[in-house]
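Read off the chains here:
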Amino acid sequence: MSSSSPGESFAAAIERIDRALNRLDTSVRSLSARTRSTGQLQAETQRLAADRARLAGDLDRATARADRLDETAEEVSRRLSEAMDTVRSVLEQGELRG
């Protein structure tokens, strides 16, 4: 058995409590940092989701515009082909008369 005085036992107990409080403080700080980090990740996730929704809308509008442009190009091509056929027909009739 050790012959420690009540004062030494008390000092040792205080030291153990102090170490335990330091560990608790470290744990709380770590938890607080992780909580902040989680909050930041959630906010970033919300921002990314909003950006994704905006980009999806932009893509839908761009796709619709591209489809309209394709339809217009096809219509222009069809009309141009008809105009060329008409010109050829007129030229052929002129050659037959001439």
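Bear in mind that the values here come from a model prediction, so they are computed numbers and not experimental data.

Asker: What should I look at first to understand the overall build of the protein in this one?
Answerer: A tally of regular secondary structure across the protein gives one helix and zero strands. The globule rule puts the C-alpha radius of gyration for 98 residues at 13 Å, and the 41 Å found for the protein is more than 25% above it. Overall, the C-alpha framework of the protein stretches about 135 × 20 × 15 Å when taken along its three principal axes. Counting every position in the protein, which comprises 98 residues, the buried fraction comes to 1%. Carbon and sulfur atoms form 58% of the exposed surface of the protein, whose accessible area is close to 8900 Å².

Asker: In this structure, what is going on with the pattern of salt bridges? I would like to understand it.
Answerer: Proximity of charged atoms lets side chains of opposite charge pair with each other. This structure, assessed with the given rule, holds nine salt bridges. The salt bridge partner of Arg29 is Asp25, with a shortest N-O separation of 2.9 Å. Taken together, the residues span about one helical turn, with Arg29 and Asp25 both in helix α1 (residues 6-97) at a distance of four residues. The class of Asp25 is partly exposed, set by a relative accessible area of 37%. In this structure, Glu75 engages Arg78 in a salt bridge whose closest nitrogen and oxygen atoms are separated by 2.4 Å. You can see Glu75 and its partner Arg78 sitting in helix α1, three residues apart, about one turn around the helix. With a relative accessible area of 28%, Glu75 lands in the partly exposed category. When salt bridges that share partners are traced, they join Glu75, Arg78, Arg79 and Glu82 into one network.

Asker: Just checking my understanding: could you explain a negative patch on the surface for this structure?
Answerer: Where like charges cluster on the molecular surface, the negative patch consists of Asp67, Asp70, Glu71 and Glu74. Take Asp67: it is sitting in helix α1.

About the thresholds
- Residues numbered from 1 in each chain as written.
- Predicted model: local features only at pLDDT ≥ 70, side-chain atom pairs only at ≥ 80, totals over all residues.
- Heavy atoms only, no water.
- Helix = DSSP H or I, 4+ residues; strand = E, 2+ residues; numbered from the N terminus.
- Rg over C-alpha atoms; globule rule 2.2 N^0.38 Å.
- Buried < 20%, exposed > 50% of the residue type's maximum accessible area, 1.4 Å probe, protein only.
- Areas by Shrake-Rupley, 256 points an atom, 1.4 Å probe, with all protein chains shown as cover.
- Salt bridge = Lys/Arg side-chain N within 4 Å of Asp/Glu carboxyl O.
- Patch = residues over 30% accessible without salt bridge, like charges linked within 9 Å, V, L, I, M, F, W, Y side chains within 5 Å.
- Lys, Arg positive; Asp, Glu negative; His and termini not counted.
- Charge placed at Lys NZ, Arg CZ, Asp CG, Glu CD.

Fair warning: the whole summary comes from geometry, so function is off the table for now.
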